[in-house]
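Observations on the three-dimensional arrangement
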2 protein chains.
Amino acid sequence: MITIKDIAKEANVSEGTVDRVIHNRGGVAKKTAAKVQQILKHYNFKVNPVASALATKNKYFIVALMPEHNEQDLFWKSPFSGILKAEEDVKNLGIHIKIFTFNQHESNSYLNAYKKALESQPSAVIMVPNFFKETTEITNDLEKLKIPYLFLNIDISGFKNISFVGQDSYTAGYIAGKLMHFNSPKSSEFLIIQFKENIIRNNAVSNRVKGFNDYLIKNKLDSKTHILEIENINNDSARKEIINSYLKNNPKITGIFVPFSKIYLIADCLENQYLDKLELIGFDNTQQNIDCLLNDSVSFLISQKPFEQGYEAVRLLSDYLIKNKISTDKFYLPIDILIKENVKYNIRKDFITS
Amino acid sequence: MITIKDIAKEANVSEGTVDRVIHNRGGVAKKTAAKVQQILKHYNFKVNPVASALATKNKYFIVALMPEHNEQDLFWKSPFSGILKAEEDVKNLGIHIKIFTFNQHESNSYLNAYKKALESQPSAVIMVPNFFKETTEITNDLEKLKIPYLFLNIDISGFKNISFVGQDSYTAGYIAGKLMHFNSPKSSEFLIIQFKENIIRNNAVSNRVKGFNDYLIKNKLDSKTHILEIENINNDSARKEIINSYLKNNPKITGIFVPFSKIYLIADCLENQYLDKLELIGFDNTQQNIDCLLNDSVSFLISQKPFEQGYEAVRLLSDYLIKNKISTDKFYLPIDILIKENVKYNIRKDFITS
DNA sequence: ACTATATTTGTGTACGTACATAAAAACAAT
DNA sequence: ATTGTTTTTATGTACGTACACAAATATAGT
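Thresholds, definitions, all that
- Counting of residues starts from 1 at the beginning of each chain's written sequence and follows it residue by residue.
- Chains carry letters and ligands carry numbers; both start at the beginning, A for chains and 1 for ligands, and go up in the order they are written.
- Per-residue local features of the predicted model are confined to residues with pLDDT of at least 70, and side-chain atom pairs are confined, for both listing and counting, to 80 or more; whole-chain, interface and lining totals are unaffected and use all residues.
- Processing note: side-chain calculations cover all non-hydrogen atoms of the structure and skip hydrogens and water entirely.
- Throughout this description, the term salt bridge denotes a Lys or Arg side-chain nitrogen within 4 Å of a carboxyl oxygen of Asp or Glu.
- Numbering of helices and strands starts at the N terminus; helices are DSSP runs of H or I of at least 4 residues and strands are runs of E of at least 2.
- Only protein chains enter the accessibility calculation, which uses a 1.4 Å probe; a residue is then buried when its area is under 20% of its type maximum, exposed when over 50%, and partly exposed in between.
- Any two residues having at least one pair of non-hydrogen atoms within 4.5 Å are treated as being in contact.
- Here the buried area means the combined drop in accessible surface, using a 1.4 Å probe, for two parts upon being joined, counting both sides.
- Between N or O atoms, a polar contact is any pair within 3.5 Å; within protein, one atom must be a potential hydrogen donor and the other a potential acceptor, and residues adjacent in sequence are included only when both atoms are from side chains.
- All copies are superposed by least squares; the fitting set is the C-alpha atoms of residues with a pLDDT of at least 70 in both.
- What makes two strands pair is DSSP finding at least two bridges between them.
- Axis angles are defined between N-to-C directions and span 0 to 180 degrees, where every axis is a line fitted to C-alpha atoms and, for a helix, only to the segment in contact.
- Throughout the structure description, domain borders are defined by an automatic or database domain assignment.

A word on the pattern of salt bridges
Opposite charge on two side chains permits them to pair, given that their charged atoms come into close proximity. Evaluated as defined, the whole model comprises 20 salt bridges over all chains. For A:Lys178, the salt bridge identified is with B:Glu341, shortest N-O distance 3.1 Å. Taken as a pair, A:Lys178 in helix 8 (residues 169-182) and B:Glu341 in the segment after strand 12 (336-338) lie in two separate chains rather than in one. Look at A:Lys178 and you get buried, because its relative accessible area is 14%. Its relative accessible area of 14% is what places B:Glu341 among the buried residues. Notably, a salt bridge pairs B:Asp336 with B:Lys305, separated by 2.6 Å at the nearest N-O pair. Note that B:Asp336 is positioned in strand 12 and B:Lys305 in the loop between strand 10 (300-303) and helix 15 (306-323), a separation of 31 residues in sequence.

Let's talk about the interface of chain B and chain A
The interface is formed by 35 residues belonging to chain B together with 36 residues belonging to chain A. Summed over both sides, the interface of chain B with chain A buries roughly 3,500 Å², with 58% coming from carbon and sulfur. For chain B, the biggest contributors to the area lost against chain A are B:Val50, B:Phe182 and B:Tyr345; these three give 20% of the whole. At the surface where chain B touches chain A, the tally comes to four salt bridges. We note a salt bridge from B:Asp89 to A:Arg315, for which the minimum N-O separation is 3.2 Å. Our count for the contact surface shared by chain B and chain A stands at eight residue pairs in polar contact (both at pLDDT 80 or more).

Looking at the relation of the copies chain B and chain A
When chain B is fitted to chain A, the best match, at an RMSD of 0.2 Å, comes from turning it 180 degrees and sliding it 0.1 Å along the axis. As the rotation angle and translation indicate, the two copies are arranged about a two-fold axis. The fraction of interface residues of chain B whose copies in chain A are also interface residues reaches 100%, indicating that both copies meet through the same surface.

Considering the sheet that holds strand 6 (residues 189-195) of chain B
Residues and elements named next belong to chain B. Taking strand neighbours across the sheet as the criterion, the six strands line up as 7-6-8-9-10-12 in an open arrangement whose pairing is mixed. Since the sheet does not close on itself, it has two edges, and those belong to strand 7 (224-230) and strand 12, each with one partner. Direction aside, the axes of adjacent strands within the sheet are offset by 20 degrees on average. Examined bridge by bridge, strand 6 and strand 8 (residues 253-258) share four bridges and lie parallel to one another.

As for the sheet that holds strand 3 (residues 124-127) of chain A
Residues and elements named next belong to chain A. The strand order 2-1-3-4-5-11 describes an open sheet built from six strands, whose pairing is parallel. Looking at which strands have only one partner, the edges of the open sheet turn out to be strand 2 (95-102) and strand 11 (330-332). If you compare each strand with its neighbour and ignore which way they point, the axes differ by 15 degrees on average. Sheet topology places strand 4 (residues 149-152) next to strand 5 (residues 164-166); two bridges connect them, and they run parallel.

Some points on unusual backbone geometry
Across the chain, the bulk of peptide bonds are trans and the bulk of non-glycine residues have phi less than zero. Residues and elements named next belong to chain A. Unusually for a residue other than glycine, Asn153 sits at a positive phi of about 75 degrees. Along the polypeptide, Asn153 turns up in the loop between strand 4 and strand 5. A positive phi angle is found at Asp296, which is not glycine, with a value near 70 degrees. Mapped onto the elements of the fold, Asp296 is located in the loop between helix 14 (287-294) and strand 10 (300-303).

Some words on the domain arrangement of chain A
Residue and element names in this part refer to chain A. Structurally, chain A comprises domain 1 (58-167 + 306-334) and domain 2 (169-303). In this structure, domain 1 and domain 2 have C-alpha centres spaced 30 Å apart. Taken together, the contacts link 15 residues of domain 1 with 17 residues of domain 2. Buried area between domain 1 and domain 2, summed over both chains or domains, comes out near 1,100 Å², and the portion from carbon and sulfur atoms is 42%. Looking only at domain 1, the three residues that lose the most surface to domain 2 are Gln72, Phe75 and Gln167, adding up to 42% of its buried area.

Below is the structure:
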């Protein structure tokens, strides 16, 4: 492995000069710089990131802005763990991470988390752009400060984010459509559950629904979809009443598609007659949802691989910071189809080891 | 972050002594060692792997013994790539890897590859134990030399391997059974293709078949399975003749299960009438198999995540060598269900980046 | 008590890079 | 030519660990 010392010897300059050339620190005569550059290229020199990390202690600081998780909404726990796991891998390379969480139902909380995050003078930001308008403010600010940022999980366009890490929601919905039809008669009706708050700002949900419907259309299936909007999904009795009565009035429905992470709330309130008869397909492998798979109330879950989202986001940014590796492309994670039998192998056991 | 220097100061000894205690190099008075140990534990000291790697240049050498890949048998290309990718991640930690390939149809080739591998005095071995008897010889040898070894992809018991990285074949077959029944009428017949050579030594194949059949039994499905053994699967015309005539004589068959990686050979030789009618389910996302998914001749592929197998094997061994982290448990990778729509997101684009 | 020997502990240098500081060279102004 | 100023280049130390070697201490034998 070729070192700075080797390059310096070859170019008849000191190691310091080579260092300046490598990092464009300036203060090197044009002619000398050119010579060094040429030799660097000739030997395809790459700095040893291990030695570099050791020399520049704690150089980089990544902050992550993401929704908080709790008992009712476990989804965000996995990206959280994924980020922590990745930090284990990169911390000795001088990269440290701090996660700031916000309440995904309050835009103010989002802005406040950002403000706090900014105080730690981050070198880069991982963010879940949950609110459009506020995200515009934040990214404008970051661009002024020349702090690179990456979108996690929510893919919105018109921004100068380094990359996006998450899932292709449209295709995921399309696949849900296909799975729904596996077990269904040729002409059946399906119920799509919507949740007011989601419709407003989460384009992932609408893309999934679009994909789901497109599957029917493209395959010329003689099926019909119903959409049922629920005001307050956390009101148990109201939810139960609304759904079961809707199913009673529409007996042809053979399946329910829940394009967001809370299918367990639907499964839990279905009357037995419907539970046995209906095909349920939802998103995300939270513990509650997994339980529904295991007790046969839900047939399929589509995983967004949330752990991997967090993990890869950190790895991508680390490569960007350390190796200047740019990846403008979207980083789409696999669309995992989970059933009762394979779900246990999808759970990451190995986070926070060290 | 606490350092050796800190520990030394606290214990009133020199850094060298602490180093000796940490690495059990001996030559430390019992009393002193105990004191240092206690302080190490108290601060939960962990060596900085980055500094350690820098100080001990190229300390570890891992060799991998795996089948070679070629145009006809692409399966082993992915673990190969996965290992190379992982090497990128760990090479600056002083871990280097060399892959030795062998002809999976000749046990001598396996032994020869091992002999060559041994010459490089490896610190650990990743091996695909393709031949039972020869594996016994090899592992006996390795145990004498106190070289740890890990099994990749093929899970055989009765050995002292550090770990196994691969798939739960039985469950994968069970899932194949479930998928096969999604689209089939209640009482249908299925054809399982076997391949002489595989039967002999690859217990993964027989476990998959067992899982497949168990799905029928456990769910009390009124189905029947046929088993068709093919002598020389690479003889195009013979294969075509055998399969199509078998299907002609058994018109009730609605699906074909191919429990090894060459379903494309089956799909390619089916007459159109069968191609349209039959459900095909196979293993492994090789390019040829993926093409079959995309042209609708195959409905499902179950991926063994071969890239990840290679990657994780290296990571596991690295952790073992560097951090002394032991993992006797089997490392089962997810059982990915691949369909036309999600297959493209399962292809790793990012190997050998550097 | 005095070597001889074994045991235990301390010191210094290397790994490859980053960066601060010192030194040298180049240039300008008087 | 001398001094001052800027540009350019060289040197040295630190990061945290590993390990060779030196030094100090303990133990045994006479």
